[in-house]
Amino acid sequence: MKYKTFKKFIAILLAAVLINEAFLPYTDHGSSYAETGTINTDRLNMRTGPGTNYSSLQMLSMNMKVEILDSVTGTDGKTWYRISAGQKEGYVRSDYIKRSVIYSADDTDFESYMTAQGFPESYKNSLRGLHAQHPNWVFVGMQTGLDWNEVLKEESRVGLNLVDTNSDSSWKSTEAGGFDWANNYWPGYDGASWVAASPALIAHYLDPRNFLTDPYVFQFEIQTYDPASQTRSGLEQMVKGTFLEGSAVPKGTSGKGGTYTGPASAGTYGSGSAPASGPAAVDPTGGKGNDKNTVIGPVVSAPPGANVSSLANTFFHLIGGIDALAGWEQNGGNWYYRDDDGRLRGNGWHWIDGNKDGVSECYYFDENGVMAKSCRIGDYEVNADGAWIVNGQVQTRNANASAASGTSSYIDLIMKAAQTSGVSPYVLAAMIIQEQGKSGNSPLISGSYGSYAGYYNFYNINAYAHNGMTAIESGLKYASESGNGNRPWNTIEKAVVGGALAYGENYTNNGQDTFYLKKFNVQGSNKYKHQFMSNIIAAAQEGAKVANAYTAEIKEGVRTFKIPIYLNMPESPCDLPYGKGNPNNHLASLSIDGFALTPTFDHNTTEYSLVVNDAPSITVNAQPIDGKASVSGTGTYTLGVGLTQIDISVKAENGDIRTYRINVTRKQGSEPIIEMKKESTGESTVIIGAPPGQ
């Protein structure tokens, strides 16, 4: 592959800047103008004015197309755009909008390369933009050989792709099985909070052309482990602000997270019971050792009335000679440990060498800094002195052991998992955060969920509702069984490392080696099946998380992206659907006073007939299923002899209209009608019920 030199790239870039300011923030030109752009963040408030002090008009979504109407300076001194989106006008900050730009096609080498890779014209402008900004990136055209319409049809099968139930109505399916029209709700798939995605939303996320921007293009990056660019420091940056930056410790609850409320003489924390072997090889503190600057959880102030100097006699008896001046404090029967910097240990397990003998014991402190004693923390037992014990034996470690040398912080475990599985550690971390959330309070990784206490499933493998099991039960059942990935996953380490092995074997090393391909399996012999996640936006989100882990220097290196191409694709990328409000435009009832419709009313049937004998008028009644829908066409109608068509329209809250039709035929009477004429005068006489032949 041959590209232009970096020097020529700089020249082209400068020319582009001078010509169309493509790489500069838009400034206030002092006059209105119009151009298009797309939202470049997950969710964005469109406000009534140019500043965060103005109220929100509506929420805009990633990749939504908008029209830029004007540019102004906001109350915060930053540039804001006045935009039009979803038939409303409002303001958003300019750095959350990616302006549509036509990039130069002067780099003949790159143009030839794109053509050789088979990229259609509708891909090329976005790829030119990425190449201009990141000249070392490699874009591989993946020729699927599949027809776009067939792929969209397969991926649109109800229940295969899901979206959060709180999403806009246009994002949720109204196909058969996707929406219950009669009962006016979206049925849940894989739990009540996930519903079937609409075909329009699926088309948008399936269309690779919508994501050829940084950071969303990273859903196409090949996921194999690259030690040169995927570093521990990069991983630390990526997981900052999530539970993964802490210790790999058991949660100690029955699946909901929680807080130990204080010492008890014989208390139980959580519902699990300690296994005979205890925590096995798992270090419940994550290898923190006697790190004076490490505090897990919030920093709290000293307990009221704490008196360090009064602790010695009592605490010597309890702990057995620990130096009272080393940081132990007591207040109201509760014990605390304060580090040299004045902070209390809290919210988790900590190794502490309290008596400075070179040996640390393991203690659990709640979010208020209170040490647990004489109880269980999930599956782990602490004695009256607060120390973690297994079969009555206090567990210890070398106080000088380095936290970095262990493998029980999440960062250590993920790096080990990458080395073992061959999967990028950034990918593994992004998957865990996507599946378990930033707080990590999911029952799938609590270690103490019901009958599956002691098992973990960090990647939610096989965690979907089926065979009468919830997604949680199914995922933990899988974790508890013997099988690939060194199952059962009965420790955090085995779940993190073993889960990565299983993922690498089943996906990365099996052709599904990008986030996109594990979401949409459009290769191999098992197409449209064996798809890792059902969340329709997961691939784009996980790709963005990985992108944010790379430093600017790493991003400028060689990165390889495998981008699918389909046959007979739409001429332009599939827009993100927009629309709010309940879509239900069905009737709950339709009737005519004194008459019966044919067929019997059903909300799915839109055409009916009625025959009346000499009725001069009828009254039509109708009620919508959804109270926010409006109905027109009801009331009293005067009938002429013959056919009268009556249309009843139902307008849903989202604006969709459905029409029901009644074909009414009026006869003048129930008996034969005969017209008699007198030959002498020509006058007509109508005789009702005259016998035949007269």
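Being a predicted model, the structure only gives us computed values, none of them experimental.

A. Structural view of the overall build of the protein chain. Check the secondary structure of the protein chain and you find 14 helices and 29 strands. A sequence separation of at least 24 residues applies to 65% of the contacts in the protein chain between residues at least 6 apart. Taken as a whole, the protein chain presents about 30,600 Å² of accessible surface, with 48% of it coming from carbon and sulfur.

B. A look at the pattern of salt bridges. For the coordinates displayed, the defined rule picks out 22 salt bridges. Salt bridges here are not isolated pairs; linked through shared partners, they connect Arg 232, Glu 236 and Asp 412.

C. A look at the nonpolar core. In terms of nonpolar packing, the biggest core is built from 121 residues, with Leu 127, Tyr 205, Phe 458 and Tyr 459 touching the most fellow members. Top element by residues in this core is helix 9 (residues 425-436). It accounts for 8 residues. In contact with Tyr 205, not counting residues within four places along its chain, are Met 62, Trp 171, Phe 211, Tyr 516, Phe 520, Ile 536, Ile 537, Ala 540 and Leu 576. Grouped together as the second largest cluster of nonpolar side chains are 19 residues, Ala 629, Ile 648, Tyr 660 and Val 664 included.

D. Spatial organisation of the packing of aromatic side chains. Under the counting rule described, the total for this entry stands at 32 aromatic pairs. Consider the rings of Trp 349 and Tyr 364, whose centres lie 5.3 Å apart with planes at 70°: the pair is edge-to-face. In this pair, Trp 349 is assigned in strand 13 (residues 348-352) and Tyr 364 in strand 14 (residues 359-365), connecting sequence segments 15 residues apart. When sorted by exposure, Trp 349 lands in the same class as Tyr 364, which is buried. Taken together, a centroid distance of 5.2 Å and an interplanar angle of 85° make the contact between Tyr 507 and Phe 532 edge-to-face. Note that Tyr 507 is positioned in the loop between helix 11 (492-506) and helix 12 (515-519) and Phe 532 in the loop between helix 12 and helix 13 (538-549), a separation of 25 residues in sequence.

E. Seen up close, the environment of Pro 624. Within the element layout of this structure, Pro 624 appears in strand 23 (residues 617-624). Judged by its relative accessible area of 18%, Pro 624 falls in the buried class. Sequence spacing of Pro 624 and Lys 651 is 27 residues, and the spatial spacing of their C-alpha atoms is 9.2 Å. Leaving out residues up to four positions away in the same chain, Pro 624 has contacts with His 586, Leu 587, Ala 588, Ala 629, Val 631 and Val 650.

F. Layout of the sheet that holds strand 18 (residues 393-394). Strands sit in the order 15-16-17-18 across an open sheet of 4 strands; the sheet is antiparallel. Of all strands in the sheet, those bounded by a partner on one side alone are strand 15 (375-377) and strand 18. Pairing geometry for strand 15 and strand 16 (residues 380-382), over 3 bridges, is antiparallel. Residue pairing for strand 16: Arg 376 is matched across the bridge by Glu 381.

G. Expanded view of the packing of helix 8 (residues 410-421) against helix 9. For the pair helix 8 and helix 9, the least separation of the axes is 8 Å and the interaxial angle reads 125°. With respect to helix 9, the axis of helix 8 lies oblique. Seen along the crossing, helix 8 lies across helix 9 with a hand that is right-handed. Every residue of helix 9 that contacts helix 8 at Ile 414, Met 415, Ala 417, Ala 418 and Ser 421 is listed here: Pro 425, Leu 428, Ala 429 and Ile 432. Its residues assigned to classes, the contact of helix 8 with helix 9 comprises 8 nonpolar, 1 polar and no charged.

H. Representation of empty space enclosed by the protein in the model. Taken as a whole and assessed by the stated rule, the structure comprises 2 cavities of 30 Å³ or more. Considering only enclosed or pocket space, the largest cavity measures out at about 40 Å³ in volume. Its residues assigned to classes, the lining of the largest cavity comprises 6 nonpolar, 3 polar and 1 charged. The computed volume of the second largest cavity comes to approximately 30 Å³. Met 59, Leu 60, Ser 61, Met 64, Asp 168, Trp 171, Leu 576, Pro 577 and Tyr 578 are the residues that line the second largest cavity.

I. The arrangement of unusual backbone geometry in detail. Cis geometry marks the peptide bond from Arg 487 to Pro 488; its omega dihedral reads 5°. If you trace the backbone, Pro 488 turns up in the loop between helix 10 (471-480) and helix 11. Here the residue pair Thr 598 and Pro 599 is connected by a cis peptide bond, since its omega of -5° sits within 30 degrees of zero. Secondary-structure assignment places Pro 599 in the loop between strand 21 (587-592) and strand 22 (607-613). With phi around 55°, Asn 460 is a residue other than glycine that occupies positive phi space. Inspection of the secondary structure puts Asn 460 in the loop between helix 9 and helix 10. Judged by its relative accessible area of 15%, Asn 460 falls in the buried class.

J. Representation of the side chain of Lys 518. Structurally, the position occupied by Lys 518 is in helix 12. Each residue touching Lys 518, except ones within four places of it in the same chain, is listed here: Met 431, Tyr 503, Tyr 507, Gln 512, Gln 531, Phe 532, Met 533 and Glu 542.

K. Region of interest: the pairing of strand 6 (residues 88-93). Pairing of strand 5 (residues 79-85) with strand 6 involves 6 bridges; the strand directions are antiparallel. Along strand 6, the bridge assignment pairs Ala 85 with Lys 88.

L. Region of interest: the side chain of Asn 521. Locating Asn 521 in the fold gives a position in the loop between helix 12 and helix 13. Only 3.2 Å separates the side chain of Asn 521 from the backbone oxygen of Asn 526, close enough to count as a polar contact. Residues within four places of Asn 521 in sequence aside, it is in contact with Glu 155, Gln 512, Asn 526, Lys 527, Tyr 528, Lys 529, His 530 and Gln 531.

M. Seen up close, the packing of helix 9 against helix 13. One can describe the packing of helix 9 onto helix 13 by two numbers: an axis separation of 9 Å at closest approach and a directional angle of 130°. As the angle between them shows, helix 9 and helix 13 are arranged oblique. Note that helix 9 runs across helix 13; the crossing there is right-handed. In contact with Tyr 426, Val 427, Ala 430, Met 431, Ile 433, Gln 434 and Glu 435 of helix 9, helix 13 contributes Ala 538, Gln 541, Glu 542, Lys 545, Val 546 and Ala 549. The residue makeup of the contact of helix 9 with helix 13, split by class, is 8 nonpolar, 2 polar and 3 charged.

N. Geometry of the sheet that holds strand 24 (residues 630-632). In space, the 4 strands of this open sheet follow the order 22-27-26-24, with mixed pairing throughout. The strands lining the two open edges of the sheet, one partner per strand, are strand 22 and strand 24. Neighbour to neighbour, the strand axes of the sheet diverge by 20° on average, direction disregarded.

Cut-off values and rules
Residues numbered from 1 in each chain as written. Predicted model: local features only at pLDDT ≥ 70, side-chain atom pairs only at ≥ 80, totals over all residues. Heavy atoms only, no water. Helix = DSSP H or I, 4+ residues; strand = E, 2+ residues; numbered from the N terminus. Contact = heavy atoms within 4.5 Å. Areas by Shrake-Rupley, 256 points an atom, 1.4 Å probe, with all protein chains shown as cover. Salt bridge = Lys/Arg side-chain N within 4 Å of Asp/Glu carboxyl O. Core = buried A, V, L, I, M, F, W, Y, C linked by side-chain atoms within 4.5 Å. Buried < 20%, exposed > 50% of the residue type's maximum accessible area, 1.4 Å probe, protein only. Phe/Tyr/Trp six-rings, centres within 6.5 Å; stacked < 30°, edge-to-face > 60°. Pairing = 2+ DSSP bridges. Axes fitted to C-alpha atoms, helices over the stretch in contact; angles between N-to-C directions. Parallel < 35°, antiparallel > 145°, perpendicular 65-115°, else oblique. Left-handed = near helix turned anticlockwise from the far one by under 90°. Nonpolar A, V, L, I, M, F, W, Y, C, P; charged D, E, K, R; others polar. 1 Å grid on protein atoms, 1.4 Å probe; cavity = no way out; pocket = protein on both sides within 12 Å on 5 of 7 lines; lining within 4 Å. Points joined across faces, edges and corners; volume = space filled by probe spheres on them. Polar contact = N/O pair within 3.5 Å; in protein donor to acceptor, adjacent residues only side chain to side chain.

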